[in-house]
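# Remarks on the overall topology
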Amino acid sequence: MPTELLSIQPGELKFPFELKKQISSSLRLVNSSENYVAFKVKTTSPKKYCVRPNTGIVLPQSSAEVTVTMQAQREAPPDMQCKDKFLVQSVIAPVGSSPKDVSQELFNKEAGNVVHEAKLRVLYVSPPQPPSPITESSEEGLSPKMEAAVDNGDRHFPPLDPVKNALSTMTEERNSAIQHNIRLQQELVCCTIQGVIKCSGFSFLFVILVALLGMLVGYLLGG
């Protein structure tokens, strides 16, 4: 809400209301003139709020920050409607003034000082909600079971189903047994072939030896 001397941003005080918790809200006082401007902040509930600083000087073409802290509340107002008000007074101060030079006399209208005033209302708003630990972009493509296993951004794979695990083990054992039987059959065939070859070779050699021996005996007898 602008005045002739100071522009106040924002134009109202918003507090994210929570029971039993101190809450702060900030104001920016902007001085767009070439004057030294003294300010003073008042409230209709001085015991409920703490204003720092509640008085000060805003230099020419400069700004100042004011923090308003609401004390912890034990009860919420009906319909979350607050009737508290704030008043920001501003007045032209002597050149070179500092915060310690701000006095009550500067804001005395009866002394002929031109005091500008801006009223601010108080609004209670809902506190911000904490962000979800699981974001849609980072977990896109996960199955429902996998999404349920994600905790604070770390993916923990759920254990396999016991039945599926047993079936998988049985399948692997069966495939291994089949491969083993195939290797045994191949070895048996090789051994059989080799045995036949060896046996056949022995009989042929024996026949030759017998024939040669018969020929030798016949030669000796004939001679």
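Look above for the structure.
Residues numbered from 1 in each chain as written. Predicted model: local features only at pLDDT ≥ 70, side-chain atom pairs only at ≥ 80, totals over all residues. Heavy atoms only, no water.

One open sheet holds the four strands; their spatial order is β1-β3-β7-β5, and the pairing between them is antiparallel. Each of the sheet's edge strands pairs with one partner strand only, and the pair in question is β1 (7-9) and β5 (49-52). Adjacent strand axes in the sheet meet at a mean angle of 20° when their direction is disregarded. Bridge count between β1 and strand β3 (residues 23-31): three bridges; the pairing is antiparallel. Its bridge partner being in β3, Gln9 is matched across the sheet by Arg28. (Pairing = 2+ DSSP bridges. Helix = DSSP H or I, 4+ residues; strand = E, 2+ residues; numbered from the N terminus. Axes fitted to C-alpha atoms, helices over the stretch in contact; angles between N-to-C directions.)

Here the focus is the pairing of β3. Bridge count between β3 and strand β7 (residues 62-70): nine bridges; the pairing is antiparallel. Following the sheet pairing, Arg28 is matched in β7 by Glu65.

It is worth spelling out the packing of aromatic side chains at this point. How two aromatic rings sit relative to each other is set out by the distance from centre to centre and by the angle between their planes. Applying the stated criterion to the full structure yields three aromatic pairs. Here the aromatic rings of Phe17 and Tyr124 are separated by 4.8 Å at their centres, their planes lie at 35°, and the arrangement is tilted. Pair noted here: Phe17 is in the loop between β2 (13-16) and β3 and Tyr124 is in strand β9 (residues 116-125), with a separation of 107 residues, a long-range link. Note on accessibility: Phe17 and Tyr124 belong to one class, buried. (Phe/Tyr/Trp six-rings, centres within 6.5 Å; stacked < 30°, edge-to-face > 60°. Buried < 20%, exposed > 50% of the residue type's maximum accessible area, 1.4 Å probe, protein only.)

So, about the pattern of salt bridges. Summed over all chains, the structure comprises five salt bridges. With a shortest N-O distance of 3.4 Å, Lys21 and Glu18 are connected by a salt bridge. On the accessibility criterion, Glu18 (31% relative accessible area) is partly exposed. Two residues, Lys48 and Asp84, come together in a salt bridge whose shortest N-O distance is 2.9 Å. (Salt bridge = Lys/Arg side-chain N within 4 Å of Asp/Glu carboxyl O.)

On to the sheet that holds strand β8 (residues 85-93), then. Read from one edge of the open sheet, five strands run β2-β9-β8-β4-β6, paired in mixed fashion. The open sheet terminates on both sides in strands that have one partner only, identified here as β2 and β6 (55-58). Averaged over all pairs of adjacent strands, the angle between strand axes in this sheet comes to 25°, irrespective of strand direction.

With that out of the way, let us pick up the environment of Glu34. In this fold, Glu34 is placed in the loop between β3 and β4 (36-43). Excluding residues that lie within four positions of it along the chain, Glu34 makes contacts with Pro60 and Gln61. Here Gln61 takes part through its side chain, which lies 3.2 Å from a polar atom of the side chain of Glu34. (Contact = heavy atoms within 4.5 Å. Polar contact = N/O pair within 3.5 Å; in protein donor to acceptor, adjacent residues only side chain to side chain.)

Next up on the list: the nonpolar core. Counting residues in hydrophobic clusters, the biggest one holds 26 residues, and the most contacted among them are Phe15, Tyr49 and Phe86. Taken together, the elements giving at least two residues each to this core come down to β2, β3, β4, β5, β7, β8 and β9. Excluding anything up to four places from it in sequence, Phe15 contacts Ile23, Ser24, Ser25, Tyr49, Val68, Met70, Val122, Leu123, Tyr124 and Val125. Judged by nonpolar contacts, the second largest core, of nine residues, contains Tyr36, Ala38, Ile57 and Ala93. (Core = buried A, V, L, I, M, F, W, Y, C linked by side-chain atoms within 4.5 Å.)

Take Ser25: it is sitting in strand β3. At a separation of 3.2 Å, a polar atom in the side chain of Ser25 contacts the main-chain carbonyl oxygen of Lys14. Setting aside residues no more than four positions away along its own chain, Ser25 makes contact with Leu13, Lys14, Phe15, Val66, Thr67 and Val68.

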